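Structure at a glance
Take a look at the letters that make up each chain.
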Amino acid sequence: MIKVMEAGRLKLAVLASGRGSNFDALGEAIERRELSADIKLLISDKKDAPALQKAQKREIEAHFINPRDYKNKDEYEMDILKKLHEHDIDLLVLAGYMRLVGRVLLESFKFRIINIHPALLPSFTGLHAQKQAVDYGVKFSGVTVHIVDEGMDTGPIIMQAAVPVYQDDDEDSLAARILVEEHKIYWQSLQLFAEGRVWIDGRKVIVSP
Ligand code: GAR
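Residues numbered from 1 in each chain as written. Predicted model: local features only at pLDDT ≥ 70, side-chain atom pairs only at ≥ 80, totals over all residues. Heavy atoms only, no water.

Some points on the sheet that holds strand E2 (residues 10-16)
The pairing of strands in a sheet comes from backbone hydrogen bonds and takes either a parallel or an antiparallel form. The condition is simple: By this definition, two strands are paired if DSSP reports at least two bridges between them. Here a helix means four or more residues in a row that DSSP labels H or I, a strand means two or more in a row labelled E, and each is numbered from the N terminus. Between N-to-C directions, angles cover 0 to 180 degrees, with each direction set by a line fitted to C-alpha atoms, over the stretch in contact for helices. The contact definition used throughout considers only heavy atoms, calling two residues in contact when any of these lie within 4.5 Å.
Taken together, the seven strands give an open sheet; going across it, the order is E4-E3-E2-E5-E6-E7-E8, and neighbouring strands pair in mixed fashion. In this open sheet, the two edge strands, each paired with only one partner strand, are strand E4 (61-64) and strand E8 (157-164). In this sheet, adjacent strand axes meet at a mean angle of 20° when their direction is disregarded. Pairing between E2 and strand E5 (residues 91-94): four bridges, direction parallel. Within the sheet, the bridge partner assigned to Leu15 lies in E5 and is Leu94. Contacts from helix H6 (residues 171-194) reach E2, E5, strand E6 (113-117), strand E7 (140-147) and E8 within the one sheet, and its direction differs from that of E8 by about 155°.

The structure is reproduced here in structure tokens:
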């Protein structure tokens, strides 16, 4: 088994492409002192992502890094990596980041890139997970926090929470119900790292007591 990190206050960087409600929920958990961490950096791949303004409001350093300005994904991620090293980041937290993470970040942050996905993985990977669940007719869906590997939404699972799916749900109503749980289990999952309790055993995450 591999211990991901020793206990200690976390230095986080958040990657976000959109609204940034998960980013805000992490900030609130830090303010309530339930999450022992500091968000040092927010990076967005979208110029008009509301997450950028949310970071500025919280006086957190925020950058728009445009993937189109780079020859390839490696070079784009090298620039992100430079910023992560500048801030001595412990964990890279994906919060609505709508890109597949490439090998540059994966190799430098092995087991230390975390994602939140709005479905009970391994069901409904990729885009529009809530719509996929409604269309499939499942009676429960939910949210998964997992460690990122080279696949799409395939890495070791840290925490999940389930919600019911009702007959009259649409993508938006289910997404809203799931989001309430996202805002609870993301910071709870990260706090396990701050407590030095996360181990990797093959494709399983083991949380020590
Ligand atoms: C969240 O529902 C998150 O789970 C999802 O995007 C939304 C971002 O909302 N992520 C994915 O679908 C990743 N595959 P937010 O910007 O308000 O945090």
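A few points about the packing of helix H1 (residues 21-31) against H6
Convention followed: These descriptions rest on fixed angle ranges, namely under 35 degrees for roughly parallel, over 145 for roughly antiparallel, 65 to 115 for roughly perpendicular, and the rest for oblique. Note: crossing handedness is left-handed where the near helix turns anticlockwise from the far helix by less than a right angle, and right-handed where it turns clockwise. The residue classification treats Ala, Val, Leu, Ile, Met, Phe, Trp, Tyr, Cys and Pro as nonpolar and Asp, Glu, Lys and Arg as charged. All others, Gly included, are polar.
It is the contact of H1 with H6, at a shortest axis distance of 9 Å, that shows an interaxial angle of 50°. In this view, H1 runs oblique relative to H6, as classed from their interaxial angle. Pair H1 / H6 crosses with right-handed handedness. Every residue of H6 that contacts H1 at Ser21, Asn22, Ala25, Leu26 and Ala29 is listed here: Leu179, Glu182, His183, Tyr186, Trp187 and Leu190. Across the contact of H1 with H6, the residue classes tally to seven nonpolar, three polar and one charged.

A few points about the pairing of strand E10 (residues 204-207)
Where strand E9 (residues 198-201) meets E10, four bridges bridge the pair, whose relative direction is antiparallel. In the sheet register, Ile200 faces E10, and the bridge partner there is Val205.

Here we look at the environment of Asp170
Mapped onto the elements, Asp170 comes out in the loop between E8 and H6. For the pair Asp170 and Val134, spaced 36 residues apart in the sequence, the C-alpha separation amounts to 6.4 Å.

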